[in-house]
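# A look at the structure
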Amino acid sequence: MKHYTIISTFPENRGSANVGDMMIREAEKSLIELIKGPTKFTTYFREDPLEDHLDEINRTDAVLMPVPIRDTPLYPNTIRLVECLSDIKVPIIAMPANYNVYPGDEVSRENLVYSKETVDFLKFLANSMSYFPCREYYTCAILQKHGIQNTLMTGDPVWYDPAYFGKSMHRPEKINRLVFSPPLSPYYISQAKELLTMLAELYPDAERICAMHLSDSGLNPYEDQRATNDASMSKDVATKNAQIRNFAEHCGFEVRELSGDVQKLEFYKDCDLHVGYECHAHVSFFRWRRPSVLIAEDARGIGFNYTFGVGGFDGFRRCQDDPLKSSNEGGTSGYCVTLDEYSTAPCDHTVIAKVRQFLIEEMNSKFRRYSGVAEFIDDTYKQVMEPFLKSIS
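A brief look at the structure comes next. Predicted model only: the values in this text are computed from it and were never measured.

Once that is clear, we can look at the sheet that holds strand E12 (residues 312-314). With respect to topology, 6 strands assemble into an open sheet ordered E9-E8-E7-E10-E11-E12, the strand pairing being parallel. Here the strands that pair on one side only, and so sit at the sheet edges, are strand E9 (253-257) and E12. Along the sheet, successive strands turn relative to each other by an average axial angle of 20°, direction set aside. When strand E7 (residues 177-181) meets strand E8 (residues 207-212), the two strands line up parallel, connected through 4 bridges. Of the residues in E8, the one forming a bridge with Phe180 is Cys210. Lying over the sheet, helix H8 (residues 235-250) contacts E7, E8 and E9, oriented at roughly 145° with respect to E9. Helix-sheet contacts for helix H9 (residues 279-287) involve E7, strand E10 (273-276) and strand E11 (292-296), and the interaxial angle to E11 is about 155°.

Before going further, it helps to spend a moment on the environment of Gly312. Within the element layout of this structure, Gly312 appears in strand E12. By relative accessible area, Gly312 is classed as partly exposed at 35%. Distance in space between the C-alpha atoms of Gly312 and Ile295 is 6.1 Å, their sequence separation being 17 residues. Leaving out residues up to four positions away in the same chain, Gly312 has contacts with Leu294 and Asn305.

Tallying each qualifying case throughout the model produces 23 salt bridges. The closest approach of N and O atoms between Glu12 and Arg25, which form a salt bridge, is 2.5 Å. Separated by 13 residues along the polypeptide, Glu12 in the loop between strand E1 (2-8) and helix H1 (19-36) and Arg25 in helix H1 bring together distant segments of the chain. Given a relative accessible area of 8%, Arg25 falls into the buried group. Linking Asp348 and Lys354 is a salt bridge whose minimum nitrogen-to-oxygen distance equals 3.7 Å. The class of Lys354 is partly exposed, set by a relative accessible area of 44%.

Attention now goes to the nonpolar core. Ranked by size, the top nonpolar core spans 129 residues in total, and within it Met65, Phe132, Phe180, Leu199, Phe253, Tyr268 and Leu359 carry the most contacts. A total of 8 residues in this core trace back to one element, the largest contributor, which is helix H7 (residues 189-202). Grouped together as the second largest cluster of nonpolar side chains are 6 residues, Leu214, Ala231, Val237 and Val337 included.

The next subject is the pairing of E10. Burial along E10 is two-sided: the residues Leu273 and Val275 and His274 and Gly276 are all buried. Strand direction decides the pairing type here: E7 and E10, joined by 4 bridges, are parallel. Bridge pairing in E10 places Phe180 opposite Val275. Pairing of E10 with E11 involves 3 bridges; the strand directions are parallel. Paired with His274 across the strands is Ser292, a residue of E11. At this point the chain moves from E10, through H9, to the parallel E11, and the crossover so formed is right-handed.

Look at H1: 25 Å from first C-alpha to last across 18 residues, which is about the 26 Å you get at 1.5 Å a residue. If you check which residues of H1 are buried, you get Val19, Gly20, Asp21, Met22, Met23, Ile24, Arg25, Ala27, Glu28, Lys29, Leu31 and Ile32. Between the side-chain oxygen at the start of H1 and the backbone nitrogen of Gly20 there is a gap of 2.8 Å, and the oxygen is on Asn18. Two residues or fewer past H1, Gly37 is found with a positive phi of approximately 85°.

The next thing to look at is the side chain of Asn100. Counting through the fold element by element, Asn100 comes out in the loop between strand E4 (92-99) and helix H4 (106-111). For Asn100, the side chain forms a polar contact with the main-chain nitrogen of Ala299, separated by 3.2 Å. Setting aside residues no more than four positions away along its own chain, Asn100 makes contact with Ile69, Arg70, Asp298, Ala299, Arg300, Gly334 and Tyr335.

Between H7 and H8, the least distance of the axes is 10 Å, while the angle of their chain directions is 15°. Classed by the angle they form, the pair H7 and H8 counts as roughly parallel. Here the hand of the crossing between H7 and H8 comes out right-handed. In contact with Ile189, Ala192, Lys193, Leu196 and Thr197 of H7, H8 contributes Lys240, Gln243, Ile244, Phe247 and Ala248. In terms of residue class, the contact of H7 with H8 is built from 6 nonpolar, 2 polar and 2 charged.

This paragraph deals with the packing of aromatic side chains. Evaluated as defined, the whole model comprises 23 aromatic pairs. Ring centres of Tyr137 and Tyr306 lie 6.4 Å apart, and the angle between their planes is 85°; this geometry places the pair in the edge-to-face category. Of the two residues, Tyr137 is situated in helix H6 (residues 137-145) and Tyr306 in helix H10 (residues 299-308); the sequence distance between them amounts to 169 residues. Judged by its relative accessible area of 38%, Tyr137 is partly exposed. Given a relative accessible area of 48%, Tyr306 falls into the partly exposed group. Measuring from centroid to centroid gives 6.1 Å for Phe286 and Tyr370, while their planes differ by 65°, and the two rings are edge-to-face. Taken together, the residues Phe286 in helix H9 and Tyr370 in the loop between helix H12 (351-364) and helix H13 (373-391) connect sequence positions 84 residues apart. Neither Phe286 nor Tyr370 differs from the other in exposure class; each is buried.

Definitions and limits used
- Residues numbered from 1 in each chain as written.
- Predicted model: local features only at pLDDT ≥ 70, side-chain atom pairs only at ≥ 80, totals over all residues.
- Heavy atoms only, no water.
- Pairing = 2+ DSSP bridges.
- Helix = DSSP H or I, 4+ residues; strand = E, 2+ residues; numbered from the N terminus.
- Axes fitted to C-alpha atoms, helices over the stretch in contact; angles between N-to-C directions.
- Contact = heavy atoms within 4.5 Å.
- Buried < 20%, exposed > 50% of the residue type's maximum accessible area, 1.4 Å probe, protein only.
- Salt bridge = Lys/Arg side-chain N within 4 Å of Asp/Glu carboxyl O.
- Core = buried A, V, L, I, M, F, W, Y, C linked by side-chain atoms within 4.5 Å.
- Right-handed = clockwise from strand over helix to strand, strands pointing away.
- Expected span 1.5 Å × (residues − 1).
- Polar contact = N/O pair within 3.5 Å; in protein donor to acceptor, adjacent residues only side chain to side chain.
- Parallel < 35°, antiparallel > 145°, perpendicular 65-115°, else oblique.
- Left-handed = near helix turned anticlockwise from the far one by under 90°.
- Nonpolar A, V, L, I, M, F, W, Y, C, P; charged D, E, K, R; others polar.
- Phe/Tyr/Trp six-rings, centres within 6.5 Å; stacked < 30°, edge-to-face > 60°.

See below:
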């Protein structure tokens, strides 16, 4: 039986307990077992020091590690591992990487230059693998810009549920069950309220659900109160989430707290449409062959929207062409956390009307533009992700 060390972006039931991060981990494990058969996994959080676990790690077959590229620098701040990487004697395999900056548009991509520490770590990973997997095309481009040429767009593990391989997209004639997911950034609160209002008016008869993927400092049910290196537990985020919950209920949405348990996402399989900001609400809907609209609030959403080619809108409008120095104030969170960032690329309030028009067009055509999403996911798995997973020792 194979035995792998998993370095996870999910901190167990601690901090925000982002269910999207848990979904990545569980999807990754499921795909590994699909290829390798019954497998043992030992899991550590990406911020935890691993020196005390080296003996156990070195008895496993490899370290499998998602690479969320935030130049804090990436190693050892975003991903802690150990002080001396040569102490890890087994292969370190990057699982699909993503990059994140705000706002993450073309100007961001053109001007992004990582520190030497981050580039050295990325090249260390790249040199140990035949291919460097990325979860969307823009991450491939960013790595290539920094001299890493062996990139491969494998998609995100969450795209793939083997039980849905070969199934076509659900194309509803009527929206009976609608999911909204909120933005991560506190600066997007007014736009989110406008979106909630529009959705309630457009779908007055639908069951409407507000899906909270993360906990926050104002509503944290977990005993482990240790901080994580991100912005999700800030006071501003808690205030934003409280306002979202209250306004969603005012608009007739049922608020569901989904952090810390992937089973809480199962109801997505029976919904007709998602409209919102959470990347892993969006890709979970695609995973289960359901239409979704994603308003991108940073580079992650922009990358997914470009890669899928349907249902994607930028939530911001750039006002200044000058390069914006990436802020590390939010730690590993790449969404908008400072006034300087927001001043450069504030919310685009015209996006609500654009999303509304798009939804009307799609309802009139039974979501025709989504018909190719299922085939794209299946083909990417068969042609790219599956061979990559088979290459893991």
